[in-house]
Number of protein chains: 2
Amino acid sequence: MNKFLLENQICFKMHAISRLLTSHYRPLLDKLDITYPQYLVMLVLWEEEALSVKELGEQLYLDSGTLTPLLKRMESKGILERKRSEVDERSLIVRLTDSGMNMKVEAECIPDEIVKSLDMNKEEYDFLKSRLNEILNKLNQK
Amino acid sequence: MNKFLLENQICFKMHAISRLLTSHYRPLLDKLDITYPQYLVMLVLWEEEALSVKELGEQLYLDSGTLTPLLKRMESKGILERKRSEVDERSLIVRLTDSGMNMKVEAECIPDEIVKSLDMNKEEYDFLKSRLNEILNKLNQK
DNA sequence: GGCAATTATATTGTACACAATTTAATAACG
DNA sequence: CGTTATTAAATTGTGTACAATATAATTGCC
């Protein structure tokens, strides 16, 4: 096996799939006027009412260099609010506005659409998910 | 199952793994003074002597908007040459310089290092590879 | 041959991603 | 209590990604 062939590189395939999947999200997200990384922020905030940039970053594996401008763009669209914590002025607390909360209804169909384009049954999906989890954990350890 | 949980989103996991893997490549690629996308270009050019930007883009799923500046940066490092095709002046042919070719020796250990950090046996690796192939093909169809 | 499509790259503009540094607030400790 | 260390965001700079458009060369067709 020639290890230099793209064909044999799992990382390249992950990279390519990640970008292809994002391109499948794009037409769906265009309706909500958000990007894929912004959608990931929404996913977190639809479940947790308010959290700091640090906590958000831990869940998304992103740092303030990425999140600060991204959250500012979302704030300027009126989707969320950014406010310094009153307990600790270093922390910036992020929470959705009503408008942001309401977007959840419109987004209801998105996960289904994506699963459809992956064209897998539940067994395959769950299996792949647990494989990816294993990899994620391994990579995070180091 | 709450389909809005990050935990349940395969796309997010792919996205996260892709970025984590790239961060594992970084210290290895720093020695060669190239980035991960530039490394992908090298992988193709170590196998194929010369090809056009279009052909390169087909293999990497990238367009000229990404490749043109990326290849210019690589050219300015002396890794590769960009030259218009003599047969068809629209095409730009890319090929490695001797310096770029020689980098292959130094890169020899990189795939092994990455496979090591994935900590999988050959069966697991091949299995995951074929799963990813299936997904890649499905996503490409549409 | 001449002109309208098509094709290949380049350019422009926006949005991540991330390393490195800076700033401001809080914690820790003698 | 004051100084040092730590922490959380913000900023700066570089490098992808990608949509949309522009430019230039080639092809197709009458």
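For the structure itself, consult the block above.
A quick note: this is a predicted structure, and the numbers were derived from the prediction, not measured.

**Side note on the pairing of strand S3 (residues 92-96) of chain A**
All names here are of chain A.
Point 1. With burial as the criterion, only one face of S3 is covered, namely that bearing Leu92, Val94 and Leu96; the residues Ile93 and Arg95 on the opposite face remain uncovered.
Point 2. In this sheet, S3 lies alongside strand S1 (residues 50-52) in antiparallel orientation, the contact comprising 3 bridges. Among the inter-strand pairings, Leu51 is bridged to a residue of S3, identified as Val94.

**A word on the protein's contact with DNA strand C**
Point 1. With respect to spatial proximity, 29 residues lie near DNA strand C, and among them Arg73(A), Arg19(B), Lys54(B), Ser64(B) and Thr68(B) are the closest.
Point 2. Sugar and phosphate atoms constitute 80% of the interface atoms of DNA strand C, taking the interface as everything within 4 Å of the protein.
Point 3. Arg19(B) places a side-chain nitrogen or oxygen 2.7 Å from a phosphate oxygen of DNA strand C.
Point 4. In this structure, Arg26(B) approaches DNA strand C through a side-chain N or O atom, which is 3.0 Å from a phosphate oxygen.
Point 5. Those elements that place two or more of their residues in the surface near DNA strand C are helix H2 (36-47) and helix H4 (64-76) of chain A together with helix H1 (10-30), helix H3 (53-60), helix H4 (64-76) and strand S2 (80-84) of chain B.
Point 6. Among the residues making up the surface near DNA strand C, the classes are represented as 7 nonpolar, 10 polar and 12 charged.

**Topic: the packing of aromatic side chains**
Point 1. Counted under the stated rule, the structure contains 13 aromatic pairs over all chains.
Point 2. Between Phe12(A) and Tyr61(B), the ring centres sit 6.2 Å apart and the planes meet at 20°, which makes this aromatic pair stacked. Within this pair, whereas Phe12(A) is found in helix H1 (residues 10-30), its partner Tyr61(B) is found in the loop between H3 and H4, the two belonging to separate chains.
Point 3. Centre to centre, the rings of Tyr39(B) and Trp46(B) are 6.4 Å apart; their planes meet at 75°, and the pair counts as edge-to-face.
Point 4. Accessibility expressed as a relative area gives 6% for Trp46(B), which makes it buried.
Point 5. Ring pairing ties together the aromatic residues Phe4(A), Tyr25(B), Tyr36(B), Tyr39(B) and Trp46(B), which thus form one cluster.

Rules of the game
- Residues numbered from 1 in each chain as written.
- Chains lettered and ligands numbered in written order.
- Predicted model: local features only at pLDDT ≥ 70, side-chain atom pairs only at ≥ 80, totals over all residues.
- Heavy atoms only, no water.
- Buried < 20%, exposed > 50% of the residue type's maximum accessible area, 1.4 Å probe, protein only.
- Helix = DSSP H or I, 4+ residues; strand = E, 2+ residues; numbered from the N terminus.
- Pairing = 2+ DSSP bridges.
- Near = heavy atom within 4 Å.
- Polar contact = N/O pair within 3.5 Å; in protein donor to acceptor, adjacent residues only side chain to side chain.
- Nonpolar A, V, L, I, M, F, W, Y, C, P; charged D, E, K, R; others polar.
- Phe/Tyr/Trp six-rings, centres within 6.5 Å; stacked < 30°, edge-to-face > 60°.

Read these as spatial facts, not as claims about activity.
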